[in-house]
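Chain by chain, the residues run as shown.
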Amino acid sequence: MTDELVERARAALDAAYVPYSDYRVGAALRTADGTVFTGCNVENANYSNSLHAEEVALAEAVKRGHRSFDALAVASGARDGVTPCGMCRQTLAEFCDDDLPIRCDEGDGRVSEYTLGELLPAAIDTGTLEAAERGGK
Ligand code: THU
Ligand code: ZN
């Protein structure tokens, strides 16, 4: 069965700008109202400035006023089941609940699915900062 959101993530791969790693990543983030925002990685000669596909998709959605999301799909050109990196997991946790499904393209129609909470248990959130304020840390 074709997973529509995974297909949208795959379609976003084409726009990836990857002269340094040659590793394309596409992401498709679905909002609570069903709108899908996509992103691709955009690399930089200063490697650490590279934008990740998930960040680009999330920023595009937030820029348009969306803050509630119900699914994410991620694909790489290698069809290797790539998952969002640690930084992207934390970035997603700012807006998404632990039960956000994350579908990862494994190629040949295979998809592995995780929840954000599985990939990032004990994310830092506003509660973390409030606790620090209470504890005076
Ligand atoms: N990449 C993403 O776009 N998302 C991730 O979460 C994993 C890594 C990109 C960054 C870089 O352009 C390439 O994949 C290799 O790390
Ligand atoms: Zn990332």
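Conventions and cut-offs
- Residues numbered from 1 in each chain as written.
- Chains lettered and ligands numbered in written order.
- Predicted model: local features only at pLDDT ≥ 70, side-chain atom pairs only at ≥ 80, totals over all residues.
- Heavy atoms only, no water.
- Helix = DSSP H or I, 4+ residues; strand = E, 2+ residues; numbered from the N terminus.
- Rg over C-alpha atoms; globule rule 2.2 N^0.38 Å.
- Buried < 20%, exposed > 50% of the residue type's maximum accessible area, 1.4 Å probe, protein only.
- Pairing = 2+ DSSP bridges.
- Patch = residues over 30% accessible without salt bridge, like charges linked within 9 Å, V, L, I, M, F, W, Y side chains within 5 Å.
- Areas by Shrake-Rupley, 256 points an atom, 1.4 Å probe, with all protein chains shown as cover.
- Salt bridge = Lys/Arg side-chain N within 4 Å of Asp/Glu carboxyl O.
- Contact = heavy atoms within 4.5 Å.
- Core = buried A, V, L, I, M, F, W, Y, C linked by side-chain atoms within 4.5 Å.
- UniProt positions renumbered as here; feature names shortened; annotations may be inferred.

1. Some words on the overall build of the protein chain
Helix and strand counts for the protein chain stand at 5 helices and 5 strands. A compact globule built from 137 residues would reach a C-alpha radius of gyration of about 14 Å, and the protein chain, at 15 Å, matches this within 12%. Dimensions of the protein chain along its principal axes, counting C-alpha atoms only, are 50 × 40 × 30 Å. Sorting the 137 residues of the protein chain into buried and exposed places 39% on the buried side.

2. Brief notes about the pairing of strand β2 (residues 36-40)
Taken together, the 5 bridges between strand β1 (residues 25-31) and β2 define a ladder with antiparallel strand orientation. In the sheet register, Gly26 faces β2, and the bridge partner there is Cys40. Counting the residues in the hairpin turn of β1 and β2 gives 4 residues, including Gly34, whose phi is positive at 95 degrees.

3. Here we look at a nonpolar patch on the surface
A cluster of nonpolar residues, Tyr17, Tyr20, Val42, Tyr47 and Leu51, forms a patch on the protein surface that exposes about 510 Å² of accessible area. Assignment of secondary structure puts Val42 in the loop between β2 and α2 (53-63). We classify Val42 as partly exposed; its relative accessible area is 32%.

4. Considering the side chain of Asp105
Within the secondary structure, Asp105 is located in strand β4 (residues 101-107). Since its relative accessible area comes to 2%, Asp105 is described here as buried. Ignoring anything within four residues of it in the chain, the contact list for Asp105 reads Val6, Arg10, Val74, Ala75, Arg79, Asp80, Gly81, Val82 and Arg110.

5. A few points about the nonpolar core
Counting 21 residues, the largest nonpolar core has Phe69, Leu72, Leu100, Ile102 and Leu116 as the members making the most contacts within it. Mapped onto this core, the elements with two or more residues apiece are β1, α2, β3 (69-76), α3 (86-93), β4 and α4 (116-119). Ranked by the residues each element gives to this core, the list is headed by α2, at 4 residues. In this structure, Phe69 is in contact with Leu29, Arg30, Thr31, Ala32, Leu58, Ala61, Val62, Phe95, Cys96 and Leu100, ignoring residues within four places of it in sequence.

6. Topic: the UniProt feature "binding site: substrate" (unreviewed entry) in the protein chain
The feature "binding site: substrate" (unreviewed entry), as given by UniProt, occupies Asn41, Val42, Glu43, Asn44, Ala45, Asn46 and Tyr47 in the numbering adopted here. Topologically, Ala45 is positioned in the loop between β2 and α2. Locating Asn46 in the fold gives a position in the loop between β2 and α2.

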